[in-house]
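# Observations on the three-dimensional arrangement
Single-letter residue listing:
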Amino acid sequence: MSGGLRVWQDMEKERETLQAWKKRVGQELDRVVAFWMEHSHDQEHGGFFTCLGRDGRVYDDLKYVWLQGRQVWMYCRLYRKFERFRRPELLDSAKAGGEFLLRYARVAPPGKKCAFVLTRDGRPVKVQRTIFSECFYTMAMNELWRVTGEVRYQSEAVEMMDEIVHWVREDPSGLGRPQLPGAPASESMAVPMMLLNLVDQLGESDEELAGNYAELGDWCVQRILRHVQRDGQAVLENVSEDGEELSGCLGRHQNPGHALEAGWFLLRHAIRKGDPELRAHVVDKFLLLPFRSGWDPDHGGLFYFQDADGLCPTQLEWAMKLWWPHSEAMIAFLMGYSDSGDPALLHLFYQVAEYTFHQFRDPEYGEWFGYLNREGSVVLTIKGGPFKGCFHVPRCLAMCEEMLGALLDCLAPVPAPGAGSPPAVPAHQGAE
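Below is a summary of the structure that appears in this document. In this numbering scheme, every chain counts its residues from 1 along its sequence in written order. Local features in this predicted model are restricted to residues of pLDDT 70 or higher, and side-chain atom pairs are both shown and tallied only at a pLDDT of 80 or more, whereas totals for entire chains, interfaces and linings draw on every residue. Side-chain metrics in this entry use all non-hydrogen atoms of the structure; hydrogen atoms and water are not considered.

## Some details on the overall build of the protein chain
Strands here are runs of E lasting at least two residues and helices are runs of H or I lasting at least four, both read from the DSSP assignment and numbered beginning at the N terminus. When you go through the protein chain residue by residue, the secondary structure sums to 14 helices and 14 strands. As defined in this context, the radius of gyration uses C-alpha atoms, and a globule is described by 2.2 Å times the residue total to the power 0.38. Relative to the globule expectation of 22 Å for 432 residues, the C-alpha radius of gyration of the protein chain, 22 Å, shows essentially globular dimensions. Reported as C-alpha extents along the three principal axes, the dimensions of the protein chain are approximately 75 × 50 × 50 Å. Expressed as a percentage of the 432 residues in the protein chain, the buried residues total 56%. In what follows, a contact means two residues having at least one pair of non-hydrogen atoms within 4.5 Å. Sequence-distant contacts, at least 24 apart, represent 66% of the contacts inside the protein chain between residues at least 6 apart. Separation between the mean location of the 46 positive side-chain charges and that of the 61 negative ones in the protein chain comes to 3 Å. Note on classification: 1.4 Å probe, protein chains only; a residue is buried when its accessible area is under 20% of the maximum for its type, exposed when over 50%, partly exposed between these limits. Residues scored as charged are limited to Lys and Arg (positive) and Asp and Glu (negative), so that His and the chain ends carry no count. A single reference atom marks each charge: NZ on Lys, CZ on Arg, CG on Asp, CD on Glu.

See below:
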């Protein structure tokens, strides 16, 4: 067999595999969105039910603000990015969810602090002393502005963003968290991660805001990178305020899925800044390193939590396999491959995606199970709850469909050698 023919055959095989995965991912995205469209909408009060059983029946009507924001964001994103989702009912539901948030999310307007949990009709039940309800509120408002053009949504997003930055970088007292003398001064990776995601969200196609938040984005990147510890051999979930390893279980705590999610946040930032050194560092430390340590060699799938010293984690769920780390890993490895063309990253995408589709997907009722035991059996049959809503699964599927489509555009069918022009080696583009 000639070398040219072998190259052509390899390219055709890659194209066919990518095409099959694009079709598979797209069909699954349709099924997942249909599940939430059918079962989650509260026609009476607005907003969304997220406590849904396997078949979509509502088992609790409490509304979690961060999940409300996530679903508004997801619906708007689909409406904006995919022609087949540009449907009035999707936009109307997103707007109804956004108006529910505007009316009820903030505990004591004009203060910006949002509730964590609301009753079905919008009365506050619980507040968390974190920034995450507010972050997803911001994402929802920004996407609503993008699809509706209504400036009031963008004004709300920017005002909330400014308050979040104030809480994180200047004065955390507004979060209501007391400063106790025995508590270590620690920083969770989740905070700079979430801020970096907001910088990307608000700065998309907006040069003025992108410029306003450029310094903040760089600050977030540096804070995240400090979580690479032990001479580059571990990504730790918590570090001290000056970027050093903490003692005890808190300091040894690892979350492979979170590291992988941080990885694609960082990689997207590095691609847009044109920083090849950061791109390579992120692939090595935030994609490959947590995957190597976090993948279960006996049963497959990513462990939920780990201890950096190999001790038994104290969390009861440490060995479980959860839906969202696998969703984030699919995005991370496909983005890494789209940017670099490294076939090892594509192989890891296929490995994670095969496990994920086989173990989490519910072929009978739609959507994905969220919680498996170590062996991969379903532990909780619910499709949604306080932490799982219309977000990680559809975001993963939508982003992967877009990236697979872009890869296929670079691998258009070409004639076999002797039947026309010889094939060219495909060029890989930076992932968006």
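## Observations concerning the sheet that holds strand β4 (residues 117–118)
Think of it this way: DSSP has to see at least two bridges between two strands before they count as a pair. A sheet is described by the order of its strands in space; here 3 strands give the open sequence β3-β4-β5, paired in antiparallel fashion. Strands with a single pairing partner mark the edges of an open sheet, and in this sheet they are β3 (63–64) and β5 (124–126). Here β3 runs beside β4; their pairing, made up of 2 bridges, is antiparallel. Bridging from a neighbouring strand, K63 pairs with L118 of β4.

## A word on the sheet that holds strand β12 (residues 321–322)
Read from one edge to the other, the open sheet built from 3 strands follows the order β12-β13-β14, with strand pairing classed as antiparallel. At either end of the open sheet lies a strand with only one pairing partner, and these are β12 and β14 (378–380). Taken together, the 2 bridges between strand β13 (residues 371–372) and β14 define a ladder with antiparallel strand orientation. In the sheet register, L372 faces β14, and the bridge partner there is V378.

## Concerning the packing of aromatic side chains
Any aromatic ring pair is given by two values, namely how distant the centres are and how the planes are angled relative to each other. Pairing of aromatic rings covers Phe, Tyr and Trp, the last counted by its six-membered ring, and requires centre-to-centre distances within 6.5 Å; plane angles under 30 degrees mean stacked, over 60 mean edge-to-face, and any other angle means tilted. Under the defined criterion, the tally for this structure stands at 23 aromatic pairs. Ring geometry for Y355 versus F360: centroids 6.2 Å apart, planes at 70°, classification edge-to-face. Classification of Y355 as buried rests on a relative accessible area of 10%. Classification of F360 as buried rests on a relative accessible area of 0%. Connected via pairs of aromatic rings, a cluster forms that spans Y64, W66, W73, F116, F136, F387 and F391.

## Some points on unusual backbone geometry
At the junction of P109 and P110, the peptide bond is cis and its omega measures out at 10° in the coordinates. The phi dihedral of D231 falls on the positive side, at around 55°, and the residue is not glycine. Secondary-structure assignment places D231 in the loop between β7 (228–229) and β8 (234–235). Positive phi outside glycine occurs at E367, with the angle close to 60°. Inspection of the secondary structure puts E367 in the loop between α13 (343–359) and β13.

## Points about the side chain of D362
Along the polypeptide, D362 turns up in the loop between α13 and β13. A relative accessible area of 0% means that D362 is categorised as buried. Aside from chain neighbours lying at most four places away, what touches D362 is R31, R54, E367, W368, F369 and K383.

## Things to note about the environment of R15
Mapping R15 onto the fold places it in helix α1 (residues 3–39). Those residues within four positions of R15 in sequence are excluded, and the remaining contacts are L408, L411, A412 and P413.

## Observations concerning the environment of A185
Structurally, the position occupied by A185 is in the loop between α5 (151–169) and β6 (186–188). Under the relative-accessibility criterion, A185 is labelled partly exposed at 42%. Residues A185 and V352 lie 167 residues apart in sequence; the distance between their C-alpha atoms is 36 Å. The residues touching A185, leaving out its near neighbours within four places in the chain, are V239, S240 and E241.

## Focus on α13
Residue count minus one, scaled by 1.5 Å, sets the expected span of a helix. Between its terminal C-alpha atoms α13 stretches 24 Å, which fits the 24 Å expected from 17 residues at 1.5 Å a residue. Residues L345, L346, L348, F349, Y350, V352, A353, Y355, T356, F357 and Q359 constitute the buried set of α13.

## Here we look at the side chain of E204
Relative to the helices and strands, E204 is located in the loop between α6 (190–203) and α7 (207–212). In contact with E204, not counting residues within four places along its chain, are R77, R80, K81 and R146.

## With respect to the packing of α6 against helix α10 (residues 256–273)
Here the axes come from fitting lines to C-alpha atoms, over the contacting stretch only for helices, and the angles between their N-to-C directions go from 0 to 180 degrees. Their axes nearest at 10 Å, the elements α6 and α10 cross at an angle of 40°. Helix-helix and strand crossings are classified by hand; for α6 and α10 the assignment is left-handed. Packed against α6, whose contacting residues are A190, M193, L196, N197 and D200, the element α10 presents H258, E261, A262, F265, L266, R268, H269 and R272 at the interface. Here the term charged refers only to Asp, Glu, Lys and Arg, the term nonpolar to Ala, Val, Leu, Ile, Met, Phe, Trp, Tyr, Cys and Pro, and the term polar to all other amino acids, Gly among them. Partitioning the contact of α6 with α10 into residue classes produces 6 nonpolar, 3 polar and 4 charged. Note on convention: near helix rotated counterclockwise from far helix by under a right angle means a left-handed crossing. Clockwise means right-handed.

## A look at the nonpolar core
Throughout this description, the term nonpolar core refers to a set of buried Ala, Val, Leu, Ile, Met, Phe, Trp, Tyr and Cys residues connected via side-chain atoms within 4.5 Å. L78, L216, F286, F333 and F349 are the most contacted members of the largest nonpolar core, which totals 135 residues. Beyond its immediate sequence surroundings of up to four residues, F286 is in contact with M189, I224, L225, V228, V235, A259, L260, A262, G263, L266 and H281.

## Some details on the state of the cysteines
Any pair of cysteine sulfurs within 2.5 Å is marked as a disulfide. The tally for this structure, following the rule as stated, stands at 0 disulfides. The cysteine C51 is free of any disulfide, with C390 supplying the nearest cysteine sulfur at 14 Å. Overall, the relative accessible area of 2% leaves C51 in the buried class.

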